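Here's the letter readout for the chains.
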Amino acid sequence: MAPYQNLTIRLIVYMLIIAAAACLVVALYGLQNRMPAGYFVDHWHVNGITYKEFEQQLNEQIKLVQQQPLRLVSEQPDMKLTTVTTTMEQLGLRVSLEDVLEPLTQLRSGSPWSRALSRWQLNNRHQALRYEFEPAVLHGVLLQQFPSLYAQQPSPAQRIVGPTDQISYIPDKHVSRIDETALLQQLRDAVRPLGKVSQAPSRSEESRGPVDIPLSFVTQNPELTLSILQAQGVDRKISEFSTPLLQTSEGRLHNVRSTASTIHDLLMKPGEVFDYATYITQTEARFGFQEAPVIVNGKLVPGIGGGICQVSSTLYNAVLRAGLAIVERRHHSLPVSYVALGQDATFAAGHINFQFRNSTDKYLLIRTSVDDRQMTVKLFGQIPLDTTYAIESFTIRTLQPEIRYVANPTLSPGKQQLISEGRPGYVVDTLRYKKQADRIIAQERISQDTYAAQPTIIAIYPSTSSGQPNPKLQPSKPYEAPLIEDGVKGPLYR
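Worth saying up front: this structure is predicted, and the values here are computed from it rather than measured. (Residues numbered from 1 in each chain as written. Predicted model: local features only at pLDDT ≥ 70, side-chain atom pairs only at ≥ 80, totals over all residues. Heavy atoms only, no water.)

(A) Structural view of the overall build of the protein chain. Helix and strand content of the protein chain: 12 helices and 28 strands. Taking all contacts inside the protein chain whose residues are at least 6 apart in sequence as the whole, residues at least 24 apart take part in 75%. (Helix = DSSP H or I, 4+ residues; strand = E, 2+ residues; numbered from the N terminus. Contact = heavy atoms within 4.5 Å.)

Right, dumping it as structure tokens:
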């Protein structure tokens, strides 16, 4: 074998030995059971200790941090609060170990080479722990330690409508609370990280004792303050309207009172639309409706909920006299006794609604009252002091009732019987006048309403003397789905 070949073989052998030695060194480096050189957790230098020692001492170090004593001190004598001695842990300190334990896992698992790489990357590394306080735990401690402070609750401002309809206010009441946001930051700043607190404290550390945390305070206001109420602009009564409760049954009175109470003290924002259907649904759910006459297809019949349109009609008249914008309104099919023609507002679920808009720039307050004699609606808000509104309705045409004949086979041929006397109908115009200093400056037509005449009903024998159908009888009308006004259900026969 040539000399250069021997040299090549020797070189290869040497290289393999060197490589094997290097692999062994790397493997031994990676398989060490001690923390990397120059590794710090906070200020704690853990160089050279075993993994087991590290885990044990880490728990001890964290316990020392958590047991750091603190004193919560009020520097405001008027607060009359006692000083509270506690610890970081009791105030909700939680230490996150993920950033420390994850590298330790990399050092203890995987191939020797991956461990060696992890160890090399962790050399001279400073790893900071994350110290966080749980706000809910801190709040619970403050509630327990300062019960008199947290027992005080803020009270909202109140708007009072006096017996003469004057508006006054009861101011809101605020209370003091510990500034928990500031306290959390103070506690974070007061944490002594690992390595700053030793297991065997020096005399200087012992003499320092607990760390004093001065408490700061914030004012807690109620959601509804006096300034908020006053800014709503509910300054005075701007309109009022009453309707009489004549010969009202207990059921009808219940329905009127219940519906009126649902809208009592309703506060509307500027531009907000009042939807009567919403409050009818709420009233039925809260109080239920009782038996009282309702209008079904233009006829007064027994039903459930009679009287709800007296509420809407009374409110409608107050709204008109406050100059507010009407969004939806329709008159009854029959004249009603409690308001003038042209000034009523009916309701039929799914068909007819009453809606108006708060067309002022301020809030609107609706107040209602019902006694044995009348129902009243008062509106409070803000319109110019010298501005008023007047409503006037005119009957421009009277509609005469027609005669309708119905069959009654019990009558003698040629005889007839009056069943009901007809009533005239009306076409009515309603105007609204805007006045300033009692002088009309504008007028508008609010509506033109037609109240159909009610026919005179006469019963006759169904056939003539020759046996033919009586020509006065009209052919029967097709079925007409019931339209229920002034109630929610009907008819109700016994």
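Now, onward.
(B) Structural context of a nonpolar patch on the surface. Nonpolar side chains collect at one region of the surface, where Leu7, Ile9, Leu11, Val13, Tyr14, Ile17 and Ile18 lie side by side and expose about 680 Å² of accessible area between them. Examined against the element boundaries, Ile9 turns out to sit in helix H1 (residues 3-30). With a relative accessible area of 44%, Ile9 lands in the partly exposed category. (Patch = residues over 30% accessible without salt bridge, like charges linked within 9 Å, V, L, I, M, F, W, Y side chains within 5 Å. Areas by Shrake-Rupley, 256 points an atom, 1.4 Å probe, with all protein chains shown as cover. Salt bridge = Lys/Arg side-chain N within 4 Å of Asp/Glu carboxyl O. Buried < 20%, exposed > 50% of the residue type's maximum accessible area, 1.4 Å probe, protein only.)

(C) Broad picture of the nonpolar core. Judged by nonpolar contacts, the single largest core of 42 residues is most densely connected at Phe54, Leu72, Phe146, Ile178, Leu183 and Leu194. A per-element tally of this core places helix H2 (residues 51-66) first, with five residues. Excluding anything up to four places from it in sequence, Phe54 contacts Met35, Val41, Trp44, Val46, Ile49, Val100 and Leu104. Counting residues in each nonpolar core, the second largest holds 40 residues, with Leu245, Tyr276, Leu320 and Ala322 among its members. (Core = buried A, V, L, I, M, F, W, Y, C linked by side-chain atoms within 4.5 Å.)

(D) Representation of helix H12 (residues 308-321). The end-to-end C-alpha distance of H12 is 21 Å, a good match for the 20 Å that 14 residues give at a rise of 1.5 Å each. The element H12 is extensively covered by neighbouring structure, given that 14 of its 14 residues are classed as buried. Looking one or two places after H12, you find Gly323, whose phi comes out positive at around 75°. (Expected span 1.5 Å × (residues − 1).)

(E) Quick peek at the sheet that holds strand E14 (residues 266-268). If you trace the four strands from one edge of the open sheet to the other, you get E13-E21-E20-E14, paired in antiparallel fashion. Each end of this open sheet is capped by a strand with a single partner; those strands are strand E13 (236-244) and E14. Shown here is a sheet whose adjacent strand axes are inclined to one another by a mean of 20°, direction ignored. With six bridges connecting them, strand E20 (residues 364-370) and strand E21 (residues 374-381) associate as antiparallel partners. Note that in E21 the partner of Ile366 across the bridge is Leu379. Packed on one face of the sheet, helix H10 (residues 250-263) meets E14, E20 and E21 and runs near 155° to E20. (Pairing = 2+ DSSP bridges. Axes fitted to C-alpha atoms, helices over the stretch in contact; angles between N-to-C directions.)

(F) Quick look at the side chain of Gln232. By secondary structure assignment, the location of Gln232 is in the loop between helix H9 (226-231) and E13. Discounting chain neighbours no more than four positions away, the residues touching Gln232 are Arg159, Leu267, Lys362 and Tyr363.

(G) Structural detail: the sheet that holds strand E6 (residues 126-127). Spatially, the three strands line up as an open sheet ordered E2-E1-E6, and their pairing is mixed. Every other strand in the sheet has two partners, leaving strand E2 (44-45) and E6 as the edge strands with one partner each. In terms of strand pairing, strand E1 (residues 40-41) meets E2 through two bridges, oriented antiparallel. If you follow Phe40 over to E2, its bridge partner there is His45.

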